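The chain contents come next:
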Amino acid sequence: MDWLAVSGAVLAVTVASFVRGLTGFGFAIVAMPLLALVYPPVVAVPVATLLQIPSGLPTVLRDWCDTNFRAATIAWIGGMPALIPGVFLLGAVPADIMRLIVGGAVVFSTVALAFAPKLERDPKSYELVGAGALSGLMQGAVAMAGPPIILLILSSSWNAARCRATLSFIFLLLGTASLVFGTIHGIVNRESVVIATITVPGLLLGQAIGTHLFVRIDDKRYRSVSTFCVAAAGFMVVVRGLMSLF
């Protein structure tokens, strides 16, 4: 066991779970590029996938009453079929190329969100299915389901509590399904389970701090902080991919 790499993984998980506790999402899109600095993608992806469930479950239970279950279920139904080709892409496409594609999409989407007007309405069913499908594809391929469905939900007329709760539930559903598919395809192995287990204390600490700070921000700042977190994660993904290529 490389304890220097494990220490880096604990730090990465702590930072990612802080973002998750604060925004209700973002664990994987922050954890993945940080974990990939110390572990190859074939290890980082299953570790992030394994930790998505314990990182999301406390928020889901705490915010149960604020969750829009109809929207979450529609997005999950859209994402489920896309998990399978996503898992296939994980093995077929070079990881650094996939990072560049995903990171570029995240950055572009965040810029679009920052300058686009809000929907001022609930997301429509077809929008949820489309965003869910893209999220499922990204979940299977790089364990980062977030950007498509995050950008749709944040542009809606919902308040911060409903956005946070609904996103948490969607990612718990997609993360659980991805874990099942990953286990069936042999992506989740003993090494990833051991690393994920060791990082759990950091996960709990970051989650607690982020959740504590969430109650101190209003809806406007919630969206600003959330958008910044997505953009920063996308930028890190792009930089990590470029560093590996050159």
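Residues numbered from 1 in each chain as written. Predicted model: local features only at pLDDT ≥ 70, side-chain atom pairs only at ≥ 80, totals over all residues. Heavy atoms only, no water.

## Quick word on helix α10 (residues 200-214)
This is how it is decided: A run of H or I in DSSP counts as a helix once it spans at least four residues, and a run of E counts as a strand once it spans at least two, with each numbered from the N terminus. Every helix has an expected span of 1.5 Å times one less than the residues it contains. Any residue under 20% of the maximum accessible area for its type is buried, any over 50% is exposed, and the rest in between are partly exposed; the area is computed with a 1.4 Å probe on protein chains only. What the arc covers is the set of directions going from the helix axis to the C-beta atoms.
The end-to-end C-alpha separation of α10 is 21 Å, in line with the 21 Å expected for 15 residues at 1.5 Å each. Within the span of α10, buried status applies to G202, L203, G206, Q207, G210, T211 and F214. Seen along its axis, α10 keeps its buried residues to an arc of 155°; they face one direction. Of the exposed residues in α10, those oriented more than 90 degrees away from the buried face are P201 and L204.

## Concerning the nonpolar core
Where we set the bar: Take the buried residues of types Ala, Val, Leu, Ile, Met, Phe, Trp, Tyr and Cys, join any two whose side-chain atoms come within 4.5 Å, and each joined set is a nonpolar core. The contact criterion used is simple: two residues touch if any of their non-hydrogen atoms lie within 4.5 Å.
Residues L35 and I149 are the most contacted members of the largest nonpolar core, which totals 57 residues. Residues contacting I149, with those up to four places away along its chain left out, are A75, L128, A131, G132, S135, L167, I170 and F171.

## Points about the UniProt feature "transmembrane region" (unreviewed entry) in the protein
Put simply, the test is: UniProt positions are given in the numbering used here, feature names are shortened, and annotations may be inferred rather than shown by experiment.
Summarizing the sequence annotation, UniProt attributes the feature "transmembrane region" (unreviewed entry) to residues 6-27, 34-53, 73-93, 100-116, 128-154, 166-188, 194-215 and 222-243 in the numbering used throughout. Helix makes up 83% of residues 166-188 and strand 0%. Its end C-alpha atoms lie 27 Å apart. In the segment residues 194-215, helix accounts for 91% and strand for 0%; the C-alpha atoms at its two ends are 33 Å apart.

## Here's the deal with the environment of N189
For the record, the criterion: Definition of a polar contact: a pair of N or O atoms within 3.5 Å, with one able to donate and the other able to accept a hydrogen when the atoms are protein atoms, and with sequence-neighbouring residues admitted only if both atoms are side-chain atoms.
Relative to the assigned elements, N189 resides in the loop between α8 (160-184) and α9 (190-198). You can call N189 partly exposed: its relative accessible area is 36%. Distance in space between the C-alpha atoms of N189 and P46 is 7.9 Å, their sequence separation being 143 residues. A distance of 3.3 Å separates a polar atom in the side chain of N189 from the backbone nitrogen of E191.

## Focus: the packing of aromatic side chains
Each aromatic ring pair is summarised here by two numbers: the centre-to-centre distance and the angle between the ring planes. Selection criterion: For Phe, Tyr and Trp, where Trp contributes only its six-membered ring, two rings pair if their centres lie within 6.5 Å, and the inter-plane angle classes them as stacked under 30 degrees, edge-to-face over 60, or tilted in between. To sit over a ring, a charge needs its Lys NZ or Arg CZ within 6 Å of the ring centre and within 35 degrees of the ring normal.
Applying the stated criterion to the full structure yields three aromatic pairs. Ring plane angle 80° and centroid distance 5.9 Å describe the contact between W64 and F169, whose orientation is recorded as edge-to-face. Residue W64 is located in the loop between α3 (41-62) and α4 (69-92), and its partner F169 is located in helix α8; the two are separated by 105 residues in the primary sequence. On the accessibility criterion, W64 (43% relative accessible area) is partly exposed. Judged by its relative accessible area of 12%, F169 falls in the buried class. Aromatic pair F69 and F169: ring centres 5.2 Å apart, planes at 85°, arrangement edge-to-face. One end of the pair, F69, is in helix α4; the other, F169, is in helix α8, with 100 residues separating them in the sequence. Lying over the aromatic face of W158, R162 brings its terminal NZ or CZ to 5.9 Å of the ring centre.

## So, α3
Formally: We define the bend at each residue as the angle formed by axes fitted to the 7 residues ending at it and the 7 residues starting at it.
Given a rise of 1.5 Å per residue, 22 residues ought to cover 32 Å, and the 32 Å separating the end C-alpha atoms of α3 matches this to within 8%. Of all the bends in α3, the largest measures some 30° and sits at G56, one to four residues before the proline P58.

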